[in-house]
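The primary structure of each chain is shown beneath.
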Amino acid sequence: AQSVTQLGSHVSVSEGALVLLRCNYSSSVPPYLFWYVQYPNQGLQLLLKYTTGATLVKGINGFEAEFKKSETSFHLTKPSAHMSDAAEYFCAVSDRGNQGGKLIFGQGTELSVKP
Amino acid sequence: DAGITQSPRHKVTETGTPVTLRCHQTENHRYMYWYRQDPGHGLRLIHYSYGVKDTDKGEVSDGYSVSRSKTEDFLLTLESATSSQTSVYFCAISDLREVNEAFFGQGTRLTVV
């Protein structure tokens, strides 16, 4: 069965510092990979996704993630944190070829940004 | 948000009472999903639908039922609410036209006392 592990339930960075949120997955076949962001009292918004092709994926708000098959990882990065990046971030996977909404989520990482 | 409305947005109910949450979409997407969000667990799939009257169970379906009589509406019913069902419930939609992307509603916060 697939599973997703996000290392660190809380990450705190200073404004302007690098953001690194870690995600590892467990799957016998490389799945589709996603990062979602959730702002307080809101639903989830897709940041970026990897399905096929280039392993470095760029998303919205300056975020990017790299799929590393050998490490079964899909870590999320942003070179310079902004106060508006404070939110909860979820890594998720789905089987290849499915309809897009059957997702297995990680536990979530809450990102705090200090002035 | 991609034309997804969840109602109610907040509800407090007593243990043992039935509760129905509604998800309404205006995108004509084929697939609809119900998830619950709990601290430390992320989101977990409860039930999903791949068309009118076609539904299937997800990871945490015990104690929940669903119905989809129209493309635009997907109902989640707790037949007899328990305190363990206190959670935030999210509806999501997807479609083959939007390959591999799910769109989420704003959520319903349900408290069972």
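(A) Layout of the interface of chain A and chain B. Chain A puts 22 residues into the contact, and the matching count from chain B is 22 residues. Together, the buried faces of chain A and chain B total about 1,800 Å²; carbon and sulfur atoms form 52% of this surface. Connecting chain A to chain B are 0 salt bridges. In this structure, the connection of chain A to chain B is made through 5 residue pairs in polar contact (both at pLDDT 80 or more). Mapped by element, the contributors of at least two residues to the side of chain A that touches chain B are β4 (32-38), β5 (44-50) and β9 (87-94) of chain A. The dominant element in the side of chain A that touches chain B, judged by the number of residues it contributes, is β4 of chain A, at 4 residues. Residue composition of the side of chain A that touches chain B, grouped by class: 8 nonpolar, 11 polar and 3 charged.

(B) Structural view of the sheet that holds strand β1 (residues 4-7) of chain B. Residues and elements named next belong to chain B. Spatially, 4 strands are ordered β1-β3-β8-β7 in an open sheet, and the strand pairing comes out antiparallel. The open sheet has two edge strands, β1 and β7 (64-70), and neither has a second partner. Ignoring strand direction, the axes of neighbouring strands in this sheet form an average angle of 20°. Looking at chain direction, strand β3 (residues 19-25) and strand β8 (residues 73-78) are connected through 6 bridges and run antiparallel. Bridged to Arg22 within β8 is Leu75.

(C) Representation of the environment of Ala65 of chain A in the model. All names here are of chain A. Its location among the elements puts Ala65 in strand β7 (residues 64-68). Note: C-alpha distance between Ala65 and Trp35 (30 residues apart in sequence) is 8.5 Å. Apart from residues lying up to four places away in sequence, Ala65 is in contact with Trp35, Leu48, Thr55, Leu56, Val57, Phe74, His75 and Leu76.

(D) Just the packing of aromatic side chains, in detail. Counted according to the given criterion, the structure contains 14 aromatic pairs over all chains. For the pair Phe63 of chain A and Tyr89 of chain A, a centre-to-centre distance of 5.5 Å together with 45° between the ring planes defines the contact as tilted. With Phe63 of chain A in the loop between β6 (56-58) and β7 and Tyr89 of chain A in strand β9, this pair connects stretches of sequence that are 26 residues apart. With respect to class, Phe63 of chain A is no different from Tyr89 of chain A; both count as buried. Ring centres 6.5 Å apart and planes at 35° place the aromatic pair Tyr33 of chain B and Tyr35 of chain B in the tilted group. Look at Tyr33 of chain B and you get buried, because its relative accessible area is 0%. By relative accessible area, which is 0% here, Tyr35 of chain B ends up buried. Here the aromatic residues Phe34, Tyr36, Phe90 and Phe105 of chain A together with Tyr33, Tyr35, Tyr48, Tyr50 and Phe104 of chain B are joined through ring pairs into a cluster of three or more.

Rules behind the numbers
Throughout this description, residue numbers start from 1 for each chain and increase along the sequence as written. Chains and ligands are labelled sequentially in the order written, the chains with letters from A and the ligands with numbers from 1. Per-residue local features of the predicted model are confined to residues with pLDDT of at least 70, and side-chain atom pairs are confined, for both listing and counting, to 80 or more; whole-chain, interface and lining totals are unaffected and use all residues. Only hydrogens and water are removed before side-chain values are computed, so all heavy atoms of the structure are retained for them. Any two residues whose heavy atoms approach within 4.5 Å are treated as being in contact. By convention, the term buried area covers the 1.4 Å-probe accessible surface removed from two parts as they join, with the contributions of both added. Throughout this description, the term salt bridge denotes a Lys or Arg side-chain nitrogen within 4 Å of a carboxyl oxygen of Asp or Glu. Any pair of N or O atoms that falls within 3.5 Å is considered a polar contact. Within protein, one atom must be able to donate a hydrogen and the other to accept it, and sequence-neighbouring residues count only if both atoms are side-chain atoms. Working definition: helices are DSSP H or I runs of at least four residues, strands are E runs of at least two. Numbering for both runs from the N terminus. As a working rule, the residues Ala, Val, Leu, Ile, Met, Phe, Trp, Tyr, Cys and Pro are called nonpolar, Asp, Glu, Lys and Arg charged, and the rest polar, with Gly in that last group. When DSSP locates at least two bridges between a pair of strands, those strands are taken to pair. Axes, fitted as lines to C-alpha atoms, cover a helix only where it is in contact. Angles between the N-to-C directions of the axes lie from 0 to 180 degrees. Pairs were defined over the aromatic rings of Phe, Tyr and Trp, the Trp ring being its six-membered one, requiring ring centres within 6.5 Å. Orientation was assigned from the angle between planes: stacked under 30 degrees, edge-to-face over 60, tilted for the rest. Only protein chains enter the calculation, and the probe is 1.4 Å; a residue is then buried if its accessible area is under 20% of its type maximum, exposed if over 50%, and partly exposed in between.

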